[in-house]
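As a plain string of letters, each chain reads:
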Amino acid sequence: MKNILLLGATGSIGQSVLSVIDQNKDLLNLYAITLDKNISKAEEISKIFSPDYIYINCEKSFSKFNTESKNKASAINGSSDLSNLIFDDNIDIIISAVSGFAGLEATAIAAKTGKTILLANKESIVTAGEIILSSAASSGTTIIPIDSEHNAIFQCLAGEKSTNDVSKIIITASGGPFLDKKLDELKNVTKEEALKHPNWSMGSKISIDSATLVNKCLELIEAKYLFDLDEKFFELVVHPQSIIHSIVTYRDGSSICQMSNPDMRVPIAHALSNERRLNINFNEINFSGLNLSFNDFPEDRKKLENIAREVCNKGHSSGIILNAANEVAVDSFLHDEISFSQIYDVIYRTFDTTTMSNINDIESIYEKDIESRMEAKKVVKSIS
Ligand code: NAD
Ligand code: MG
C-alpha cells in the first residue's frame, strides 16, 4: 500500500487523482490532503477517503473548519505544520497539484524528502527549476511528471538509457478555445469564452494559460528542466484533437508518441503505478475514422515562445519574472481590469522592464517574485 499526500486536493488535478485512488483502493491510500479554502469539498473528500491529516492554508477557513467540522482527521495550518507533514515518514508519494506560484513552497520542501513527487505544478519548475532539481538530486527524490505532455515524454523515453539518442521532442498544444483565431481577433473575447477549453476541464488559471498559449511556453521551460535538454530539442506543435500528448524522435528516425483521449487520469495513473499499470476506467480511442492534424505554433505568438526559450537559456530570475507577469495578467483579466489581448502586453512589458538577477536560494525567488509582481501591476495600471 502506498500512502499519498495530495497537495491541492480540492482542485481539478486533485479530483482526477482522487478518482484514480478510488479505483485502486487496494494499492493506494489517501494519507493527507492540502487545500486553500474549499472546506466543504475537504469534508466530502474526508468522508470518502478518511485521510489522517487535512492541511488548510487559509487561516479563516482553517478556524471555520475547526469549529464546525465533526471530522476525525487532524486539521493543520501554518508553514511548520506543512513542512512536518511533507516529511512525515508514512508518506511515500507527494502529489504537487496546487495551482500557480503558491505551489512552490510545498514542492521545494518535497524535493528535499527523498520520496517520490508526482508533479503537476509547472510554475514551481518555471520559477525554481535549478533549485528543485538539485535538491531532488542530492536527497534522492524522484520526480515523475503528470502534466500530460511531460508524462507522455517520460513514457516515450522509458527503456532508453539516456536522452543522448534523442534528436527532437515535439510538445503538442491543443490550441485552446481560440485555435482558429489570430491574435488581433482576440481583443474583445470574454472571460467565459477564454475559460471554455474545448478538450480539457481544468482550473481557471491554467484554462486562461491554455487560451493565451502561455501554458505551452511554461511547459517548454518545464520540459527543459525535467528532461535536462537544451530548448533547441523541443518543438511546439498545435494538435487540436489532444490525442497525441507528445512525440520523441530518436536519431535513427524512430518517433515514439503517447496517445490517449484527453483525460488527466491517464498520466496520473501512469505516474502512480510502480511496476505494473493501474486499472482505471477510461474512454478508449476510436481509431477507425480518427483524423489527427498538426500545425505550426502560431506566428503571432512567437514572441511569447521566444521569451520562454530565453528563460530556458538564461535561467535564474527570468522564469520568475515571466511567471509573475503572467499570474498578475491572468488575475487582472479575470477581474475585468484588462482585456484578453492585454495579457500579452503585461507579460512583454514586465519581462522587458524587470531587472534580471542571479538566484541561488528560495528566499531570493520570493523577493524577485514580489518585485516582478509590482512591475506587472504598474503595467496593468498604465493600460487599464
Ligand atoms: P485548481 O485551481 O483547480 O486547483 C488548485 C488547488 O490548489 C486547489 O485545491 C486549491 O485549494 C489549492 N491551493 C491553492 N493555493 C493553495 C495554497 N497556498 N496551499 C494549499 N493549497 C492551495 O488548479 P488545477 O487545474 O488543478 O491545476 C493545478 C496545477 O496543475 C497547476 O500548476 C496546473 O498548471 C497544473 N496542471 C493542471 C492540469 C489540469 O488538467 N487541470 C493539467 C496539467 C497541469
Ligand atoms: Mg499540459
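Higher on the page you've got the structure.
Colleague: Can you walk me through the sheet that holds strand β2 (residues 28-35) in this structure?
Modeller: Hydrogen bonds between backbone atoms are what pair the strands of a sheet, whose relative direction is either parallel or antiparallel. Spatial ordering of the open sheet is given by β4-β3-β2-β1-β5-β6-β7, a layout of seven strands whose pairing is parallel. Whereas interior strands pair on both sides, the edge strands pair on one side only; in this sheet they are β4 (74-76) and β7 (142-145). Between one strand axis and the next, the sheet turns by 20 degrees as a mean value, whatever way the strands run. In the sheet, strand β6 (residues 116-119) pairs with β7 via four bridges, with the strands oriented parallel. Its bridge partner being in β7, Thr-116 is matched across the sheet by Thr-142.

Colleague: Any chance you could explain the sheet that holds strand β10 (residues 244-250) here in plain terms?
Modeller: Read across the sheet, five strands follow the order β11-β10-β8-β9-β12 without closing on themselves; strand pairing throughout is mixed. Looking at which strands have only one partner, the edges of the open sheet turn out to be β11 (255-259) and β12 (295-296). As paired elements, strand β8 (residues 166-173) and β10 share five bridges and run antiparallel to each other. For Ile-171, the partnering residue across the bridge sits in β10 and is Ser-246. Helix α7 (residues 148-157) rests against β8, β9 (234-238), β10 and β11 of the sheet, and its axis sits at about 35 degrees to β10. Its contacts with the sheet put helix α10 (residues 214-227) on β8 and β9, and the angle it makes with β8 is roughly 150 degrees.

Colleague: Can you walk me through the site of ligand 1 in this structure?
Modeller: Near ligand 1, the surroundings consist of 24 residues, among which Thr-10, Ile-13, Asp-36, Glu-123 and Gly-203 are the closest. Here Gly-8 contributes a backbone N or O atom positioned 3.3 Å from an oxygen atom of ligand 1. Taking Asp-36, its main chain carries an N or O atom lying 2.9 Å from an oxygen atom of ligand 1. Isolated, ligand 1 exposes 840 Å² of accessible area, and the fraction of that covered by the protein chains is 87%.

Colleague: Hey, could you run me through the packing of aromatic side chains in this one?
Modeller: When we look at a pair of aromatic rings, we describe it by the centre distance and by the angle of the planes. Tallied over the entire structure, the rule returns six aromatic pairs. Ring geometry for Phe-178 versus Phe-340: centroids 5.2 Å apart, planes at 80 degrees, classification edge-to-face. Remark: Phe-340 occurs in the loop between α13 (318-334) and α14 (342-353) and Phe-178 occurs in the loop between β8 and α8 (191-195); sequence separation between them is 162 residues. Here the two residues Phe-178 and Phe-340 agree in accessibility, since each one is buried.

Colleague: Is there a simple way to think about the coordination of the magnesium ion (ligand 2) in this case?
Modeller: Ideal values differ by geometry: the angle at a metal is 109.5 degrees with four tetrahedral donors, but 90 or 180 degrees with six octahedral donors. Protein coordination of the magnesium ion (ligand 2) is provided by Asp-147 (OD), Glu-149 (OE) and Glu-219 (OE), with donor distances spanning 2.1 Å. Mapping the donors of the magnesium ion (ligand 2) onto the primary sequence gives the spacing D-x1-E-x69-E. Placement of the pair is Glu-149 in helix α7 and Glu-219 in helix α10, with a sequence separation of 70 residues. Per residue, the accessibility class of Glu-149 equals that of Glu-219, and both read buried.

Colleague: Got a minute to help me understand unusual backbone geometry in this structure?
Modeller: Across the chain, the bulk of peptide bonds are trans and the bulk of non-glycine residues have phi less than zero. Phi is positive for Asp-228, which is not a glycine, with a value near 50 degrees. Its place among the elements puts Asp-228 in the loop between α10 and β9. Since its relative accessible area comes to 68%, Asp-228 is described here as exposed. Even without glycine at this site, His-316 takes up a positive phi of about 45 degrees. Along the chain, the position of His-316 falls in the loop between α12 (302-314) and α13. According to the relative accessible area criterion, His-316 is partly exposed, its value standing at 27%.

Calculation criteria
- Residues numbered from 1 in each chain as written.
- Chains lettered and ligands numbered in written order.
- Predicted model: local features only at pLDDT ≥ 70, side-chain atom pairs only at ≥ 80, totals over all residues.
- Heavy atoms only, no water.
- Pairing = 2+ DSSP bridges.
- Helix = DSSP H or I, 4+ residues; strand = E, 2+ residues; numbered from the N terminus.
- Axes fitted to C-alpha atoms, helices over the stretch in contact; angles between N-to-C directions.
- Contact = heavy atoms within 4.5 Å.
- Near = heavy atom within 4 Å.
- Polar contact = N/O pair within 3.5 Å; in protein donor to acceptor, adjacent residues only side chain to side chain.
- Areas by Shrake-Rupley, 256 points an atom, 1.4 Å probe, with all protein chains shown as cover.
- Phe/Tyr/Trp six-rings, centres within 6.5 Å; stacked < 30°, edge-to-face > 60°.
- Buried < 20%, exposed > 50% of the residue type's maximum accessible area, 1.4 Å probe, protein only.
- Donors = N, O, S within 2.8 Å, 3.2 Å for Na, K, Ca; no water.

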